[in-house]
Amino acid sequence: MSSKLAFPLGVAAMLLSTSPFAGPREDLLAQYATAARAEAPAFSGFSSARGEAFHTRKFSGGKPDSPACTSCHGDSPRSAGRTLTGKSIDPVAVSAAPRRYTDPAKVEKWFKRNCNEVLGRACTAQEKGDWLSFMISQ
Amino acid sequence: MNIPYRPLTLTLVGLAFSAIVLQRVEAGGDDYFPPVIDPVVKEECGSCHLAFAPSMLPARSWKRMMADLKNHFGDDASVDAATAARISAYLTTNAADTGGKRYSSKLLRGIAPNSAPLRITELPRWVDKHREVPNWEWKHKDVRSKANCVACHTGAEQGFYEDD
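Note that the coordinates shown come from a computational prediction; the quantities given were computed from them, not determined experimentally.

Observations concerning the nonpolar core
No. 1: B:F52, B:M56, B:W62, B:L91, B:I120, B:L123 and B:Y161 are the most contacted members of the largest nonpolar core, which has 33 residues in total.
No. 2: Among the secondary structure elements, those contributing two or more residues to this core are α3 (59-66) and α4 (81-93) of chain B.
No. 3: Counting 19 residues, the second-largest nonpolar core is a separate cluster that includes A:F111, A:W131, A:F134 and A:M135.

The following block contains the structure:
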């Protein structure tokens, strides 16, 4: 009985949270925008230029072996990267890897891991949105 | 115009490869460890490094590792509970002392039955097999970590570790 009810409710919730024409990437950006506004009321949108600067910047708060996103993802987002243990990573630019960022749970999982790895803290919604905008523009 | 020949060459190499491997497996060789085929395990345990073959560690080691993925060799490899249960079941079912036994017996030599080593690269048998690898080779920029099996064993993703 309760499981019969839960299914249509779940579908309804999904439909409500998703505008008809937006894909999963746009949804994700919209979510980050909402969160960014909550973090800083002065929020004025995402910038792929800021995302690019973030992607290549060397931080000192994380692990010494991986100071930047480029430490594993490589200098060009359109080329394959490589982890510290030698595993190759598909490009992170959407033009080179069209299936990227369509699974929100996967995106969040790796933001959590990699931001901690590189910055030694979680990324802000602004940083995530900027970075994602850069990758979508690439 | 030599592109069309490439697949043929690869197929021939592949055939030769599997023939050799079959031979060795039948002879009880210690250089074939069936690769992970479960897609979830491949995705969750094969993105930072090679998805290590379950038959390289005993079930108790996999259980111990799966119990603390948050502190996984300095990384956070944690997954949700349902995914962890599925991965755990796969690894322990195909472990060196369970389903993967026929491939692995020698790797467990010298390990106390009550110890649960987390590193393949610290198993006495593994260390022994690699004792002749010179220091500079481990430090080479294309290797960097002992866990980077693929750097030296180009067939590792397919389960092959024969010497070159």
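Now that the structure has been shown, we can carry on.
Quick look at unusual backbone geometry
No. 1: For A:Y101, which is not glycine, the phi dihedral falls at a positive 60 degrees.
No. 2: In this structure, B:R144 is a non-glycine residue whose phi angle is positive, near 65 degrees.
No. 3: The residue B:R144 is located in the segment after α7 (135-139) in this model.
No. 4: Judged by its relative accessible area of 47%, B:R144 is partly exposed.

Some points on the packing of aromatic side chains
No. 1: This structure, assessed with the given rule, holds nine aromatic pairs over all chains.
No. 2: Seen in terms of ring centroids, B:W126 and B:W138 are 5.9 Å apart; in terms of plane orientation they differ by 35 degrees. Their pairing is tilted. Taken together, the positions of B:W126 in helix α6 (residues 124-129) and B:W138 in helix α7 put the pair 12 residues apart, joining distant regions of the chain.
No. 3: You can call B:W126 buried: its relative accessible area is 13%.
No. 4: Members of the aromatic cluster, joined through ring pairs, are A:Y32, A:Y101, A:F111 and A:W131.
No. 5: Over the aromatic face of A:W110 sits the side chain of A:R113, whose NZ or CZ is 4.6 Å from the ring centroid.
No. 6: The lysine or arginine in question, B:K146, covers the ring of B:W138, its NZ or CZ lying 5.6 Å from the ring centre.

Calculation notes
As a convention, each chain's residues are numbered from 1 in the sequence order in which they are written. Labels follow written order: the first chain is A, the first ligand is 1, and so on. Since the coordinates come from a predicted model, pLDDT governs what is reported: local features require at least 70, and pairs of side-chain atoms require 80 or more to be given and counted, while whole-chain, interface and lining totals use all residues. The side-chain values count all of the structure's non-hydrogen atoms but skip hydrogen atoms and water molecules. In plain words, nonpolar cores are sets of buried Ala, Val, Leu, Ile, Met, Phe, Trp, Tyr and Cys residues tied together by side-chain atoms within 4.5 Å. The classification of residues rests on relative accessible area computed with a 1.4 Å probe and restricted to protein chains. Under 20% of the type maximum is buried, over 50% is exposed, and intermediate values are partly exposed. What counts as a helix is a DSSP run of H or I of at least four residues, what counts as a strand is a run of E of at least two, and both are numbered from the N terminus. The rule is short: rings of Phe, Tyr and Trp, with Trp giving its six-membered ring, pair when the centres are within 6.5 Å, and they are stacked under 30 degrees, edge-to-face over 60, tilted in between. Distance and angle both matter: a charge sits over a ring if NZ of Lys or CZ of Arg is within 6 Å of the ring centre and within 35 degrees of the ring normal.

Any functional reading would require information beyond the geometric quantities listed.
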